[in-house]
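Structural description and commentary
One letter stands for each residue in the lines below.
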Amino acid sequence: MSLYEKVQNAKRNDRKAMEDVLMRLEPKIRHTIHSIEKKYQEDVEQEVKLRVLEAVRGYDLDNLPSLTDMLDKTKEGRMLLERIKNDNSSSR
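Attention here is on the structure that accompanies the text.

Definitions and cut-offs
Here, residues in each chain are numbered from 1, in the same order as that chain's written sequence. Side-chain atom pairs in this predicted model are given and counted only at pLDDT of 80 or more, local residue features only at pLDDT of at least 70, and totals for whole chains, interfaces and linings cover all residues. The side-chain figures draw on all heavy atoms in the structure; neither hydrogens nor water molecules are used. To form a nonpolar core, buried Ala, Val, Leu, Ile, Met, Phe, Trp, Tyr and Cys residues must be joined to one another through side-chain atoms within 4.5 Å. Exposed residues in this analysis have more than 50% of their type's maximum accessible area, buried residues have under 20%, and partly exposed residues fall in between, with area computed by a 1.4 Å probe over protein chains only. Each helix is a run of DSSP H or I of at least 4 residues and each strand a run of E of at least 2, with the numbering of both proceeding from the N terminus. In this analysis, axes come from line fits to C-alpha atoms, helices being fitted only over the stretch in contact, and the angle between any two N-to-C directions falls in the range 0 to 180 degrees. When describing relative orientation, an angle under 35 degrees is termed roughly parallel and one over 145 degrees roughly antiparallel, while 65 to 115 degrees is termed roughly perpendicular and anything else oblique. By convention the crossing between two helices is left-handed if the near helix lies anticlockwise of the far one by an angle smaller than a right angle, and right-handed if it lies clockwise. Here a residue-residue contact requires only that any non-hydrogen atoms of the pair lie within 4.5 Å. One fewer than the residue count of a helix, multiplied by 1.5 Å, yields its expected span. The directions from the helix axis to the C-beta atoms form the arc being described. Any Lys or Arg side-chain nitrogen found within 4 Å of a carboxyl oxygen on Asp or Glu counts as a salt bridge.

**Notes on the nonpolar core**
Formed by 19 residues in total, the largest nonpolar core has its most connected members in Ile36, Tyr40, Val44, Val48 and Val56. Of all the secondary-structure elements, those providing two or more residues to this core are α1 (3-11), α2 (15-33), α3 (38-58), α4 (67-71) and α5 (75-90).

Given below as structure tokens:
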């Protein structure tokens, strides 16, 4: 089954399809967070997965927002981005 078909099934609240979507995106998520400081990786991974779930339910996945855009949608995500930004500027 293609990712598109899994997303369509997930939108219909098919739990297995949603798990399959997250598993399919897991390598991309891990690759993306690999560049983030280790102490933030777990928080960012959880936040990204939540945003993916929301995207599957309500967004056109052909136009999935960037990692920064997804994190910027919540207070917790914005706080993470700010902490990362502050850490990066203080380590220079």
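**With respect to the packing of α1 against α2**
Working note: a packed helix pair is described by the angle between its axes plus the distance between those axes. In contact at an axis separation of 8 Å, α1 and α2 are set at 140° when each is read in the N-to-C sense. It follows that α1 is oblique to α2 by the angle criterion. The two elements α1 and α2 meet at a crossing, and its hand is left-handed. On α2, the residues touching Leu3, Lys6, Val7, Asn9 and Ala10 of α1 are Ala17, Met18, Asp20, Val21, Arg24 and Leu25.

**Overview of α3**
Taking 1.5 Å of rise per residue, the 21 residues of α3 would be expected to cover 30 Å, and the 30 Å separating its terminal C-alpha atoms lies within 8% of that figure. Every buried residue belonging to α3 is among Tyr40, Gln41, Val44, Glu45, Glu47, Val48, Arg51, Val52, Leu53, Ala55 and Val56, and all of these are buried. Check the buried side of α3 and you find it contacts α1, α2, α4 and α5.

**Quick look at α5**
Taking 1.5 Å as the rise per residue, α5 with 16 residues should run 22 Å; its terminal C-alpha atoms sit 22 Å apart, in good agreement. Here α5 has its buried residues at Gly77, Leu80 and Ile84. Summarising the axial view, the buried residues of α5 lie within an arc of 60°, below the 170-degree limit, and thus occupy one face. Seen from the buried face of α5, the exposed residues on the opposite side, beyond 90 degrees, are Lys75, Lys85 and Ser90. The secondary structure elements touched by the buried residues of α5 are α3 and α4.

**Brief notes about the side chain of Lys6**
Relative to the elements of secondary structure, Lys6 occurs in helix α1. What Lys6 contacts, discounting residues up to four positions off in sequence, is Met1, Ala17, Asp20 and Val21.

**Details of the pattern of salt bridges**
Applying the stated criterion to the full structure yields 11 salt bridges. For Glu45, the salt bridge is made with Lys49, and the minimal N-O distance between the two is 3.1 Å. With Glu45 and Lys49 both in helix α3, this residue pair falls four residues apart, about one helical turn. For Glu45, a relative accessible area of 10% puts it in the buried group. In this structure Lys49 comes out as partly exposed when scored by relative accessible area, which is 23%. What emerges from the salt-bridge pattern is a single network uniting Glu26, Arg30, Glu45 and Lys49.

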